[in-house]
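This is what each chain is made of:
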Amino acid sequence: MVSAVRRVRKVVCVGAGYVGGPTSSILALKCPDIDVTVVDKSLSRIEAWNSDTLPFKEPGLLEAVQVASGRKPNVSGRRANLFFSVNVDEEIRKADLIFVAVETPSGKRDAAGQGAAPNLTSFHAVLKHIAETIVHDFILVNKSTVPCGSAEATKHIISPYLRPGVKCQILSNPEFLAEGTAVADLIHPDRIVIGCDESEEGFTAANMLGDLYRNWVSDDNIIIMGSRASELTKLAANCLLAQRISSINALSAICDKVGADVTQVSRACGLDRRIGKHMLRSTLGFGGSCFEKDVMHMTNTAARLGLPQVATFFESIIDINTFQTSRFTQNIMDQVPSSSSGRRTIMGILGFAFKPDTDDTRCSPAIQVVRELVMAGYQIKIFDPLVEESTIRADLLASFPEGKCALDEQVVGANGIAILNSWKNLQYIPPQRETGFIKSFEVSAVSIDGAQVDWNRIADSMHSPKYVFDGHNFIDPRLNETGLCIDSIGRPIRLPGPIVDGPIVNGPMVTDLADIPVLELEISSVAGEFMF
């Protein structure tokens, strides 16, 4: 075994991104007797981690970092044990256990159109560098999403570069984090998966890593298995989750044709214990960096293994997702057509990140929706409470390489609004009622970062036909009481007026929006210019 590693005292994580930073922070928080250092060659990223403005937004993460790094006031008796550094080599030499948490983005699509293998260039470079730098026995733990069989491949990659006599055990420890809930997922994980070489040395190393997690995770939730099973589990989990979303989205298309309500269908199906209720809310399509990448990875794996039917099945998950986003956008165009002359049709976009409580826009459906609307001649106004203006600019400039920029201050005056993110702060809170009568009603308003969201004001300021397109089946349908048409996915349109009877299915949690800085995107599909 890794003879010199009797007990893990020093952990180093290579990669200060979405996986490495949060994982290391919670590990340090929950294991105060060890030191955890996150290293990255990006000085700006490390400086961000050492400040109160982290590289990305995640609920609860800043407080965890502040406590573990000793920057949180009034936390007495706790030593700092979380560090962020660009001194990669120095920290690697001190490590007993090294996490590798570098990005493995999708590579080029397969020539036959069957998925895409991950790009492992950075991953392999890190492995080689660690092997050349380390001077004593250590445990290497892979947290990056990699192909099945990567543990064995890692052993072959690092062996020629290790110093004589240096021993290494290689583990797989995939992450199952969801952005927006990453801290909660780390503190209360459904399971911890550790893959190892199925030998006495391998199981010993796996249990050493498991002992770190046992500081706060029940032993029943720590699963030790073979490396290949561990690596496949990560891909399988995301494929199964994505498949559920695409399945309910496919059903929503049928519901739209037959006049059924997909929220009622999903609720009834979800009460079946064999199916369960999670991940059965129809939306305009999933986004983020993981689902599409991992499904394409699995598609490519199946194709390379000579399983074309399996590859086609996984490929269809992505096809349905793309179809759903285009279907949502086409419905906007059908209900609120772009004006060919005079005042241009204005569409307000509420939400640019791919999900609530994060500023991550990677593979966000909003990018595709905005692009398609702009190419159809719409004027677009965008609001997102977390995503930086520079990020929205960069994402849209990538879709429209040439353009001019200007900032608008309001989201009022639109012909329609598309809700592309289900923040609870965007929810409409209907007035209280008593025995069917309005008890009191002034303005439905909720505070967002000090600004007021006022659906009544938005409704009053909008121009005909005053449509709200709910891309997450999220908004309380009683919003139609403000004079708006509510068009959700896989549900009958709610025309303006009071809802007389029937329960509110998939109900609420609502708010408002107006008078907050938003991004105005104005594009001429003829001239190819836009400004936002």
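As the structure is a prediction and not an experimental result, all values here were calculated from the model.

> So what exactly am I meant to see when it comes to the overall build of the chain here?
The helix and strand inventory of the chain stands at 15 helices and 21 strands. The 532 residues of the chain split such that 53% are buried. Split by element, the accessible area of the chain, about 23400 Å² in all, is 53% carbon and sulfur.

> Teacher, can you tell me more about the side chain of asparagine 81 here?
Its location among the elements puts asparagine 81 in the loop between α3 (61-68) and β3 (82-85). Taking relative accessible area as the criterion, asparagine 81 reaches 0% and is therefore assigned buried. Setting aside residues up to four positions removed in sequence, asparagine 81 forms contacts with Ala28, Cys31, Pro32, Ile34, Asp35, Val36 and Ala68.

> Please clarify how the packing of helix α12 (residues 308-335) against helix α13 (residues 365-375) should be interpreted in this entry.
Packing of α12 against α13 leaves a shortest axis separation of 10 Å and a crossing angle of 40°. Taken together, the axis directions place α12 and α13 in an arrangement best described as oblique. When the axes of α12 and α13 are compared, the crossing they make is right-handed. In this structure, α12 contributes Thr322, Thr325, Ser326, Phe328, Thr329, Ile332 and Met333 to the contact, and α13 contributes Pro365, Gln368, Val369, Glu372 and Leu373.

> Can you walk me through the nonpolar core in this structure?
As a rule of thumb, nonpolar side chains are buried together in soluble globular proteins. In this structure, Val11, Leu27, Phe99, Leu171 and Leu209 are the most contacted members of the largest nonpolar core, which totals 42 residues. If one sorts the elements of this core by residue count, helix α8 (residues 200-213) sits on top with six residues. Among all residues touching leucine 171, those that are not within four sequence positions of it are Ile139, Leu140, Val141, Asn142, Ile194, Gly195, Cys196, Gly202, Ala205, Ala206 and Leu209. Counting 27 residues, the second largest nonpolar core, distinct from the first, contains Ile332, Met347, Ala353 and Phe469.

> Looking at this structure, how should I read the side chain of aspartate 294?
For aspartate 294, the position within the fold is in helix α11 (residues 291-304). Although aspartate 294 is buried, it makes no salt bridge; lysine 293 carries the closest opposite charge, 4.0 Å away. Apart from residues no more than four positions distant in its own chain, aspartate 294 is found in contact with Thr145, Lys234, Leu235, Asn238 and Cys239.

> Help me understand unusual backbone geometry, please; the structure alone is not making it clear to me.
A negative phi angle is the norm for most residues apart from glycine, just as the trans form is the norm for most peptide bonds. The peptide bond linking serine 464 to proline 465 adopts the cis configuration, its omega dihedral lying at 15°. Looking at the secondary structure, you find proline 465 in the loop between α15 (455-461) and β18 (467-470). One non-glycine residue with positive phi stands out, namely cysteine 363, at about 55°. Among the residues examined, cysteine 363 registers a relative accessible area of 43% and is labelled partly exposed. In this structure, lysine 466 is a non-glycine residue whose phi angle is positive, near 55°. Assignment of secondary structure puts lysine 466 in the loop between α15 and β18. Looking at lysine 466, the relative accessible area reads 22%, which means it is partly exposed.

> So what exactly am I meant to see when it comes to the state of the cysteines here?
Each disulfide consists of one covalent bond between the sulfur atoms belonging to two cysteines. Counted by the stated rule, this structure contains zero disulfides. The structure places no disulfide on cysteine 363, whose sulfur is separated from the nearest cysteine sulfur, that of cysteine 290, by 9.4 Å.

> Just to check I follow, could you spell out helix α10 (residues 262-270) for this structure?
Because the α-helix completes a turn every 3.6 residues, residues three or four places apart line up on one side. Along α10, the positions that sit buried rather than exposed are Val262, Thr263, Ser266 and Gly270. Along the long axis of α10, the arc covered by the buried residues comes to 100°, so they all point the same way. Buried residues along α10 sit against α9 (227-258).

> Would you explain the packing of helix α5 (residues 121-133) against helix α6 (residues 150-158) in this entry?
Across the interface, α5 lies against α6 with an axial gap of 9 Å and an inter-helix angle of 50°. One way to sum up the angle between α5 and α6 is to call them oblique. Of the two elements, α5 crosses α6, and the hand of that crossing is right-handed. Packed against α5, whose contacting residues are Phe123, His124, Leu127 and Ala131, the element α6 presents Thr154, Ile157 and Ile158 at the interface. Of the residues that constitute the contact of α5 with α6, the class distribution is five nonpolar, two polar and no charged.

> Teacher, can you tell me more about the confidence of the model for the chain here?
Note that predicted coordinates carrying low pLDDT should not be read in detail. Residue-level pLDDT values for the chain average 84, and 84% of them are 70 or greater. Counting interchain partners and residues more than four positions distant, the pLDDT-below-50 stretch residues 403-410 has 26 contacts. In this model, residues 434-452 is a region of pLDDT below 50 whose contacts with residues beyond four sequence positions or in other chains number 41 contacts.

> How should I be thinking about the pattern of salt bridges in this particular structure?
Where charged atoms of side chains with opposite charge meet at close range, the side chains can pair. A full pass over the atoms with the stated rule returns 20 salt bridges. Between aspartate 40 and arginine 45 there is a salt bridge; the shortest N-O distance is 3.7 Å. Across the pair aspartate 360 and arginine 362 runs a salt bridge, and its minimum N-O distance is 2.9 Å. With relative accessibility at 2%, the residue aspartate 360 sits in the buried group. Residue class for arginine 362 comes out partly exposed when judged on its relative accessible area of 26%. Bridged by salt links that share partners, the residues Lys10, Glu90, Glu91 and Lys94 form one connected network.

Parameters and conventions
Residues numbered from 1 in each chain as written. Predicted model: local features only at pLDDT ≥ 70, side-chain atom pairs only at ≥ 80, totals over all residues. Heavy atoms only, no water. Helix = DSSP H or I, 4+ residues; strand = E, 2+ residues; numbered from the N terminus. Buried < 20%, exposed > 50% of the residue type's maximum accessible area, 1.4 Å probe, protein only. Areas by Shrake-Rupley, 256 points an atom, 1.4 Å probe, with all protein chains shown as cover. Contact = heavy atoms within 4.5 Å. Axes fitted to C-alpha atoms, helices over the stretch in contact; angles between N-to-C directions. Parallel < 35°, antiparallel > 145°, perpendicular 65-115°, else oblique. Left-handed = near helix turned anticlockwise from the far one by under 90°. Core = buried A, V, L, I, M, F, W, Y, C linked by side-chain atoms within 4.5 Å. Lys, Arg positive; Asp, Glu negative; His and termini not counted. Salt bridge = Lys/Arg side-chain N within 4 Å of Asp/Glu carboxyl O. Disulfide = S-S within 2.5 Å. Arc of directions from axis to C-beta. Nonpolar A, V, L, I, M, F, W, Y, C, P; charged D, E, K, R; others polar. pLDDT = per-residue confidence, 0-100.

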